[in-house]
Amino acid sequence: MILHLYFARRFATSFLILTFVLTCFVVLVDLVDVTRRYASFDIGIGRLIGLTLLNTPQTVNQILPLIMILATVALFISLARSSELVATRAAGRSALKALIAPVVVALLIGGFAVTTFNPIATGAAKRFTELTETLKTGKASSFSISGEGLWLRQGDANGQSVIRAWRSNEDASVLFDVTFITYSPAGDPVRRIAAESAALKDGAWILRQAKVWPLMKGLNSESSSETYAEFTLPSSLTLERIRESFGKPEAISIWDMPTFIRQLDQAGFSSRKHRLWFQAELARPLFLCAMVLIASAFTMRHTRLGGTGVAVLSAVLLGFGLYFIRSFAHILGENGQLPIHLAVWAPPVASVFLALGLLLHSEDG
């Protein structure tokens, strides 16, 4: 037990040090990119740093497999150079038993990343998107789905419009049973529109079977209302922006994802991408364990045997290869060419068995 705790502490220390170093590197790279993109807005270095820090957690969350590989490599190379691995083997500990502590730590880190770090990263990414949208357009367009339907907000120099639709077609190009409420720049309601459907085309909403009520003070809205077979309303939204906003599961906390998936289905959207992302987050701890096993299969050897650099490079390249296969399987799952559970769980399970095969081969030949 003492030996397991020792290996666990050494592995956790390596992971924390590498996480800190790579996070600093990510912050520097993101700061250069954010400065290049938003320096023309003259927002000051303080806000640029703030935008960078908001974007950093999502990037760190994505490179966790790489950090896990490097932490495992650093652990076993240091143990090999100090001959602690030799002493462990001489005491009768096999390679698989020596890996129990690092694998348990990897599972704990994966669980923390899914349950705690994921909501932090998604919240920061959402705030980053809102701030950048405000910088680019001067107004923040919002999108949300709830039990009361689909809600949108668009804005320009003439004021804001709030849009509520009960459902949509799968690609969000047509909204059904839709209501528009337009506000003046001062925040006063100006007009209410109800329509059977609304299609966004060429920078304008095309409303079918629409009824318009003016909401001016001192005016009877019902007697002044008008009905149109087709009514055109200018819009600052685009189909791409709507689809992108609803199509980014990374911007939704894993705790909110089941409810969001249910609301997507009720609103008429395809939730396949979000269901796949949800399963992928649940499989993340297993994939991180696979990265530990892969790295250890190449580095649990004495340094006197030579070839340490080749072994480290092989571990990193194999890790990248498995990450690529995992991403490719996710793409096939999103396109419907593979079942979601197969696309998500097959790569980490196969990676674990591949690593175990390499370890058993190196142990027993």
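Quantities reported herein were computed from a predicted structural model and do not represent experimental measurements. (Residues numbered from 1 in each chain as written. Predicted model: local features only at pLDDT ≥ 70, side-chain atom pairs only at ≥ 80, totals over all residues. Heavy atoms only, no water.)

## Observations concerning the packing of aromatic side chains
Per the counting criterion, the structure on display carries five aromatic pairs. Plain terms: the ring middles of Y6 and F7 are 6.0 Å apart, the flat faces sit at 45° to each other, and that makes the pair tilted. Here the aromatic rings of F287 and Y323 are separated by 6.4 Å at their centres, their planes lie at 50°, and the arrangement is tilted. With F287 in helix α10 (residues 284–299) and Y323 in helix α11 (residues 308–334), this residue pair connects regions lying 36 residues apart in the sequence. For R192, the ring lying beneath its charged end belongs to W213, and the centroid distance is 4.7 Å. Positioned above the aromatic ring of F287 is the side chain of R326, whose terminal nitrogen or guanidinium carbon lies 4.6 Å from the ring centre. (Phe/Tyr/Trp six-rings, centres within 6.5 Å; stacked < 30°, edge-to-face > 60°. Helix = DSSP H or I, 4+ residues; strand = E, 2+ residues; numbered from the N terminus. Lys NZ or Arg CZ within 6 Å of the ring centre and 35° of its normal.)

## Things to note about the pairing of strand β5 (residues 189–201)
Side-chain direction in a regular strand flips from residue to residue, so the side chains alternate between the two faces of the sheet. Taken together, the nine bridges between strand β4 (residues 174–183) and β5 define a ladder with antiparallel strand orientation. Each bridged residue has a counterpart across the sheet, and for T179 the counterpart in β5 is A194. Linking two consecutive strands that pair antiparallel, namely β4 and β5, is a turn of five residues; a positive phi of about 95° is found at G187 within it. Here β5 runs beside strand β6 (residues 204–214); their pairing, made up of ten bridges, is antiparallel. Within the sheet, the bridge partner assigned to R192 lies in β6 and is W213. Hairpin geometry of β5 and β6 is characterised by an intervening segment of two residues between the two adjacent antiparallel strands and by a positive phi of about 55° at D202. (Pairing = 2+ DSSP bridges.)

## A few points about the pattern of salt bridges
Applying the stated criterion to the full structure yields five salt bridges. Measuring nitrogen to oxygen at the nearest pair gives 3.2 Å for the salt bridge that ties R37 to D33. A residue pair is termed a helical-turn pair when its members lie 3 or 4 positions apart in one helix, as R37 and D33 do in helix α1 (residues 2–38) at four residues. Ionic pairing is found between E230 and R208, a salt bridge with its closest N-O pair at 2.2 Å. Taken as a pair, E230 in strand β7 (residues 226–234) and R208 in strand β6 lie far apart in primary sequence, 22 residues in all. A cluster of three or more residues bridged by salt bridges with shared partners is formed by D33, R36 and R37. (Salt bridge = Lys/Arg side-chain N within 4 Å of Asp/Glu carboxyl O.)

## Here we look at the environment of I100
Tracing the sequence through the fold places I100 in helix α6 (residues 100–137). Assessed through its relative accessible area of 40%, I100 is described here as partly exposed. (Buried < 20%, exposed > 50% of the residue type's maximum accessible area, 1.4 Å probe, protein only.)

## Observations regarding the environment of A311
Looking at the element boundaries, A311 is found in helix α11. Remark: the alpha-carbon pair of A311 and T299, spanning twelve residues in sequence, is separated by 6.3 Å.

## A short note on unusual backbone geometry
Despite not being glycine, D177 shows a phi value in the positive range, around 50°. With respect to the helices and strands, the residue D177 is situated in strand β4. Its identity as a non-glycine residue notwithstanding, Q209 has a phi of 50°, on the positive side. With respect to the helices, strands and loops of the structure, Q209 is situated in strand β6.

## A short note on helix α2 (residues 44–62)
The end-to-end C-alpha distance of α2, which contains 19 residues, comes to 28 Å, matching closely the 27 Å that a straight helix rising 1.5 Å per residue would cover. Most pronounced at T56, the bend in α2 amounts to some 30°, and the proline P57 follows within four residues. (Expected span 1.5 Å × (residues − 1). Bend = angle between axes of the 7 residues up to and from the residue.)

## Structural notes on the nonpolar core
Residues F11, F15, M68, F76, L293 and M300 are the most contacted members of the largest nonpolar core, which totals 41 residues. Residues within four places of L293 in sequence aside, it is in contact with L99, V103, V352, A355, L356 and L359. W205, V212, F231 and L237 belong to the second largest nonpolar core, which has 19 residues in total. (Core = buried A, V, L, I, M, F, W, Y, C linked by side-chain atoms within 4.5 Å. Contact = heavy atoms within 4.5 Å.)

## Description of α10
For α10, spanning 16 residues, the distance from its first C-alpha to its last is 23 Å, which sits close to the expected 22 Å at 1.5 Å a residue. For α10, the tally of buried residues reaches 14 of 16 residues, placing the bulk of the element in the interior.

## Let's talk about the environment of F278
Inspection of the secondary structure assignment puts F278 in helix α9 (residues 272–282). Taking the C-alpha atoms as reference, F278 lies 9.6 Å from S253; in sequence the two are 25 residues apart.

## Topic: the side chain of H330
Tracing the sequence through the fold places H330 in helix α11. The class for H330 is buried, based on a relative accessible area of 12%. Other than its neighbours up to four places away in sequence, H330 contacts L276, A280, A343 and V344.

## Here's the deal with the packing of α1 against helix α3 (residues 64–81)
At their nearest, the axes of α1 and α3 sit 8 Å apart, and the two run at 130° to each other. Relative to α3, the element α1 lies oblique. Taken as a pair, α1 and α3 cross one another with a handedness that is right-handed. Taken together, the residues of α3 that come into contact with α1 (itself represented by Y6, F7, R10, F11, S14, F15, L18, T19 and L22) are L64, I67, M68, L70, A71, T72, A74, L75, S78 and L79. Looking at the contact of α1 with α3 residue by residue, the class counts come to 14 nonpolar, four polar and one charged. (Axes fitted to C-alpha atoms, helices over the stretch in contact; angles between N-to-C directions. Parallel < 35°, antiparallel > 145°, perpendicular 65-115°, else oblique. Left-handed = near helix turned anticlockwise from the far one by under 90°. Nonpolar A, V, L, I, M, F, W, Y, C, P; charged D, E, K, R; others polar.)

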